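# Analysis of the macromolecular model
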Amino acid sequence: MNVSSATRQSFARSRSPHIRAMNNSGHSAHQPTAPPPPHARHRTLPTLHTFLPGTLSIPILTPFRGLSWTFSIDARSLAESCLLLGSLVYANWKLSSTLEPLDISDPFISLEINILVITSVIYIIWSHSSFSEKVASPPLSDRGDTRGSSPRTEPRGSGRNGGSRAPHNKAHFGFVWMSVPKNFRECPDDGVLTGLSFAPLISIALLYSSLRQAASPNSNLLPRDWLIETPRILEKARAPLSALDALILSRRSLVDYATLCSFILLVQIFSSSWYESRYRRRRSVPEGERGSVPRSEMRRTWTYWIYSYVITLVVLCVRYLLARNHINVWQNISYFDIVIGSVFYQFCLYIALRLAHGGFTLGELALVCFGGLCLGTELLSLTRAGIWPRTTPFIKTYRLPTPLLTFQIALIAGSFLTGFLLSPLLVLSRHIAQRPVRRLRFPQEKPRHRRALAAGFYIGTILIIAGLIGSWTWWSLGRRDPWLWVIFWILEGKKKWTRPLLLAYWGLLGSISVAGWNRQLSRSRRYKPRNASVNLGDNVIVPTAANQSYKSADPASSAPPPTGGLGLGFPNLPNLPNLPNGTLATDLLDAADKHVPTLGVNARRKFFHALAVVMFLPGVVVDPAFTHLSFSAAFALFIFAEYVRYFAIYPFGAAVHLFMNEFLDQKDRGTAILSHFYLLTGCAGSVWLEGPSRFLLYTGILALGVGDAMASIVGKRIGRHRWSTSSSKTVEGSAAFVVSLVMCAWVLRLLGLTEDFSTVRYGAVVGLSSVLEALSDQNDNLTLPLYMWSMLVVVDV
């Protein structure tokens, strides 16, 4: 098959190694756009109205002649900033009003939040303002060649309308030190306010929840029907604390960690912008790069690590100077904790940008790295308490130190540790899969090498899990075998068959869903004409015609056509006499597939939102503690699946990639696919945070599975009033979000599955959440459930 050089170059730039894994003979698919149907060509589009204005510009004259200051910001960004900062101020006020009656007032926590809010406002003004001077418009020959400049790197307001120039314009996007625009996801907003405000908001909600428990006559630390062992306490400590007192002290330190991370993020943004301003006049900057960042990855890495250590030293000096002046900011974390937290947080920022290249906005990156910091410090605290129980005052974990927390750390942190230890094998596997056969030293040995690397990865994973991770879990559980503990715990539900039945239900529903989608995707490819081949490993699969099945390029191969996806299919029934060439089930489904339209990407993704409700809601209702552990196991499984997909681990890498590729949207253009992680985290976050109320456990599942899906459906069907010109979200969709969640909450209440709650307060929080979902450009699967859970705790629903 002859292919042009342009097609080969376009195909070689694919971000996944699976398409060119074995014989490197895949070709780029160029599908012509089908013309619209005749009945849709003259369709009158509905009139859309906007709720918010466009860009707000406020010119302010200065005392200097000819010099003016302009503050220009998108109205949607301004509304989102006011919502986030207002929520943070309200949460801080509620926390202060709760601390005073308990006689444990801590004014410096409130001071930290107030300083953060003021600094955030200054950042908004700084990032959206510019000084401009009216000058004569230069001729075109003197303006320089501005071709090739990226819209993402062009300073905001740098246009030359009316002959004005802005030599001191500030870049609209913030950057982590030694990062460039192509490291981040394409997004109109960098999400800095999300990264600055979400961590303190969640931390305040956790602390407020534990303080309310201390003031409540009910001494239960967990909701009813939470079948798990009592939290661990250090009985050998010099002054042992109760589990609730230790939880309060731990969450007070978490608020300090949150403000510390926000401070580090702001310092990185300001210093990165200042350093970039020294290179503004460079015109030979490639697309997606910045003049201040070297092109060499080695120089970037060493520069970043030196910078991170300098920032840590600055934080220590600030902490010391404030303590000397009796300003106890960050007083709940020691100097050792500051060093560990600062270095680890900056380590997460850099590594996440490199591994998930183009997958995060700055706000999503900061929020994910703060979650990684929390999990890492909990691992360190549990280990420290086990080694030095007498000198450790309490177990500093932000959730109750039950076996659920131990297993979550072992599963999630252990998954990342496994990838780190086996990184040489993973990198080599991806390198061999990407490299063309003609450029290999031993091209005939490529399949053998891939199989050897895959065997090394699988064997190494088993050894690390059974050895290192299993030993730590055994030690943390008080020298109890973790595998036997899990087996016996599965049989200790409300009934002996409750938890096994839940496992069977989840397994059956997941298998049917994946198999159904797998078949639908393979059939849609079968009946869709294509002009390209896809390399799936040892053989090149070539669709020969519009309504013909896939055939192998190897004439000697008689294997059945692949089903794509995960290789799941429906078993064939015995041949019937009147159907000699096929089975009844297969022929009936083939005939139906020719008339079933292929669902769009949005419909496919919303299907998994609805599937989350069907799968997870019964688990939370029946056994929330078991669902807690199951969520952790599913997250670890997703991590290993991403290893297999991204690093092209034989033999499942290509199949997993092809299946996941059918559900990607514009937010999944990075090297790592993160949407399913966000969806799982959003549904599981309300359970992982272990609120005292059973009502809070349903927050993530209802917000994503019901509210977000209804908002999308209603907004696309009958939406006429958009929130702003730069957003596709409609007011009608937001109203559907509120109504659907309030109705679902009432149904749960009528069925006796939750406690009584204030409908007015719940509706107010859901309304604020719907506005955030409509205004924010961040991934709402991650941010929406966390914001809604935090506000439900703060307003005492």
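See the structure shown above.
This is a predicted model, so every value here is computed, not measured. (Residues numbered from 1 in each chain as written. Predicted model: local features only at pLDDT ≥ 70, side-chain atom pairs only at ≥ 80, totals over all residues. Heavy atoms only, no water.)

### What about the overall build of the chain?
Helices and strands together make up the secondary structure of the chain, namely 23 helices and nine strands. Buried positions account for 50% of the 797 residues belonging to the chain. In the chain, of all internal contacts separated by at least 6 residues, the share reaching a separation of at least 24 is 77%. (Helix = DSSP H or I, 4+ residues; strand = E, 2+ residues; numbered from the N terminus. Buried < 20%, exposed > 50% of the residue type's maximum accessible area, 1.4 Å probe, protein only. Contact = heavy atoms within 4.5 Å.)

### Section: the packing of helix 4 (residues 107–127) against helix 6 (residues 243–277)
At their nearest, the axes of helix 4 and helix 6 sit 11 Å apart, and the two run at 25 degrees to each other. Judged by the inter-axis angle, helix 4 sits roughly parallel to helix 6. Helix 4 and helix 6 meet at a crossing whose hand is left-handed. Along its contact with helix 4, which presents I109, E112, I113, L116, T119, Y123 and W126, the element helix 6 presents R252, V255, D256, T259, S262, L266, I269, F270 and S273. Each residue belonging to the contact of helix 4 with helix 6 can be placed in one class, and the counts come to nine nonpolar, four polar and three charged. (Axes fitted to C-alpha atoms, helices over the stretch in contact; angles between N-to-C directions. Parallel < 35°, antiparallel > 145°, perpendicular 65-115°, else oblique. Left-handed = near helix turned anticlockwise from the far one by under 90°. Nonpolar A, V, L, I, M, F, W, Y, C, P; charged D, E, K, R; others polar.)

### Looking at the pattern of salt bridges
This structure, assessed with the given rule, holds 17 salt bridges. The residue D796 makes a salt bridge to K94 at a minimum N-O spacing of 3.4 Å. One end of the pair, D796, is in the segment after helix 23 (780–794); the other, K94, is in helix 3 (residues 75–99), and 702 residues separate them in sequence. A salt bridge links E378 to R399, with the shortest nitrogen-to-oxygen separation between them at 3.0 Å. Here E378, found in helix 9 (residues 362–387), pairs with R399, found in the loop between helix 9 and helix 10 (403–421); they are 21 residues apart in sequence, far enough to count as distant. What makes R399 buried here is its relative accessible area of 9%. (Salt bridge = Lys/Arg side-chain N within 4 Å of Asp/Glu carboxyl O.)

### Here we look at the packing of helix 22 (residues 759–775) against helix 23
Axis separation between helix 22 and helix 23 bottoms out at 10 Å; the angle between their running directions is 155 degrees. When the axis of helix 22 is compared with that of helix 23, the two are roughly antiparallel. Helix-helix and strand crossings are classified by hand; for helix 22 and helix 23 the assignment is right-handed. In contact with Y762, V765, V766, L768, S769, L772 and E773 of helix 22, helix 23 contributes D780, L784, Y787, M788, M791 and L792.

### A closer look at the side chain of H628
You can see H628 is positioned in helix 17 (residues 624–646). For H628, the residues in contact, after removing those within four places along its chain, are W226, L404, Q408, V687, W688 and E690.

### Overview of helix 20 (residues 699–718)
With 20 residues, helix 20 should cover 28 Å at 1.5 Å per step; its first-to-last C-alpha distance of 26 Å lies within 8% of that length. Along helix 20, the largest kink reaches about 25 degrees and is centred on G707. The buried count for helix 20 comes to 15 of 20 residues, which makes it a mostly enclosed element. (Expected span 1.5 Å × (residues − 1). Bend = angle between axes of the 7 residues up to and from the residue.)

### Focus on the nonpolar core
In this structure, Y345, L365 and Y762 are the most contacted members of the largest nonpolar core, which totals 169 residues. Looking at this core element by element, the count peaks at 14 residues for helix 6. For Y345, the contacting residues outside a window of four places in its chain are C261, I264, L265, A366, C369, F370 and L373. (Core = buried A, V, L, I, M, F, W, Y, C linked by side-chain atoms within 4.5 Å.)

### Details of the side chain of S87
Among the secondary structure elements, S87 is positioned in helix 3. A relative accessible area of 4% means that S87 is categorised as buried.

### Topic: the environment of L629
Tracing the backbone through its elements, the reader meets L629 in helix 17. With near-sequence residues (within four places) excluded, L629 lies in contact with L404, F407, L411 and W489.

### Quick look at a nonpolar patch on the surface
Where nonpolar side chains cluster on the molecular surface, the patch consists of F336, I340, F344, F347 and L380 and spans about 390 Å² of accessible area. A per-element tally of the nonpolar patch places helix 8 (residues 335–355) first, with four residues. Note on placement: I340 falls in helix 8. Owing to a relative accessible area of 31%, I340 belongs among the partly exposed residues under this scheme. (Patch = residues over 30% accessible without salt bridge, like charges linked within 9 Å, V, L, I, M, F, W, Y side chains within 5 Å. Areas by Shrake-Rupley, 256 points an atom, 1.4 Å probe, with all protein chains shown as cover.)

### Remarks on the packing of aromatic side chains
Going through the model one piece at a time under the given rule, you end up with 34 aromatic pairs. Each ring, one from W305 and one from Y350, has its centre 6.3 Å from the other, and the planes form 55 degrees; the classification is tilted. Of this pair, W305 sits in helix 7 (residues 297–324) while Y350 is found in helix 8, placing the two residues 45 residues apart along the sequence. Judged by relative accessible area, which is 17%, W305 ranks as buried. Classification of Y350 as buried rests on a relative accessible area of 4%. (Phe/Tyr/Trp six-rings, centres within 6.5 Å; stacked < 30°, edge-to-face > 60°.)

### Remarks on helix 19 (residues 675–688)
In this model, helix 19 (14 residues) spans 19 Å end to end at C-alpha, consistent with the 20 Å of a helix rising 1.5 Å per residue. Along helix 19, the largest kink reaches about 30 degrees and is centred on G682. For helix 19, a buried count of 13 out of 14 residues is recorded, marking the element as mostly surrounded by other parts of the structure. Of the residues flanking the end of helix 19, it is E690, one or two places downstream, whose phi is positive at about 55 degrees.

### Comments concerning unusual backbone geometry
Note that the residue after Y650, namely P651, is joined by a cis bond; omega there is 0 degrees. With respect to the helices and strands, the residue P651 is situated in the loop between helix 17 and helix 18 (653–661). In this structure, M178 takes a positive phi of about 65 degrees despite not being glycine. Unlike most non-glycine residues, E690 shows phi in positive territory, near 55 degrees. Turning to its location among the elements, E690 is positioned in the loop between helix 19 and helix 20.

### What to know about the environment of L78
Turning to its location among the elements, L78 is positioned in helix 3. Judged by relative accessible area, L78 falls into the partly exposed class, the value being 26%. The sequence separation of L78 and I124 amounts to 46 residues, and the corresponding C-alpha distance is 8.7 Å. When residues no more than four places from it in sequence are discounted, the contact partners of L78 are L56 and I73.

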